[in-house]
Amino acid sequence: VQLQASGGGLVQAGGSLRLSCAASGRTFSLYFMGWFRQAPGKGREFVAGISWTGVNTNYADSVKGRFTISRDNAKNTVYLEMNSLKPEDTAVYFCARGPRLGDRYYGRMQDYDYWGQGTQVTVSS
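Residues numbered from 1 in each chain as written. Predicted model: local features only at pLDDT ≥ 70, side-chain atom pairs only at ≥ 80, totals over all residues. Heavy atoms only, no water.

K.L.:
In this structure, what is going on with the overall build of the protein chain? I would like to understand it.
P.N.:
The helix and strand tally for the protein chain stands at zero helices and 11 strands. Counting from the amino terminus, the protein chain carries its helices and strands in the arrangement β-β-β-β-β-β-β-β-β-β-β. A globule of 125 residues ought to have a C-alpha radius of gyration of about 14 Å, and the protein chain, at 13 Å, matches this closely. Overall, the C-alpha framework of the protein chain stretches about 40 × 25 × 25 Å when taken along its three principal axes. Out of the 125 residues in the protein chain, the part that is buried amounts to 45%. Of the contacts formed within the protein chain by residues at least 6 apart in sequence, a portion of 60% connects residues at least 24 apart. In the form shown here, the protein chain has an accessible surface area of approximately 6300 Å², with 47% of it arising from carbon and sulfur atoms. (Helix = DSSP H or I, 4+ residues; strand = E, 2+ residues; numbered from the N terminus. Rg over C-alpha atoms; globule rule 2.2 N^0.38 Å. Buried < 20%, exposed > 50% of the residue type's maximum accessible area, 1.4 Å probe, protein only. Contact = heavy atoms within 4.5 Å. Areas by Shrake-Rupley, 256 points an atom, 1.4 Å probe, with all protein chains shown as cover.)

K.L.:
Mind showing me how you'd approach the nonpolar core here?
P.N.:
It is characteristic of soluble globular proteins that their nonpolar side chains tend to be buried jointly. Judged by nonpolar contacts, the single largest core of 28 residues is most densely connected at W35, L80, M82 and Y93. Listed by contribution, the elements that provide at least two residues to this core are β1 (3-6), β3 (17-23), β4 (31-38), β5 (44-50), β7 (67-72), β8 (77-82), β9 (91-100) and β11 (119-124). If one sorts the elements of this core by residue count, β3 sits on top with four residues. Setting aside its immediate chain neighbours within four residues, M82 contacts G15, S16, L17, L19, R66, F67, Y93 and V121. F36, A96, Y106 and Y112 belong to the second largest nonpolar core, which has six residues in total. (Core = buried A, V, L, I, M, F, W, Y, C linked by side-chain atoms within 4.5 Å.)

In structure tokens, the structure reads:
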């Protein structure tokens, strides 16, 4: 399984970005998918997750109301739409594969078995 994250960049505070994560393999649709981020000097933290059906989503409190996770199983891709960006959102963003048929909250790194390479998001003030 390979996960390829893209869409990062430099944006001003208040702006928007959409991250994409393309997955290889034929079983993408059966897995929970998540986005994490890691800011300089900090640990990796959960940002958002989406169930294998796409019905259930969950978010870190810091991004609720601003970020939206979605998936297109026909394209083997998960997205993270980020609006009203703040300087504190600056980080490397990683997508990751969670449990098979997962449909609840998975906020720990150890819940995920495959990780993308990360894409840098920088929000200027």
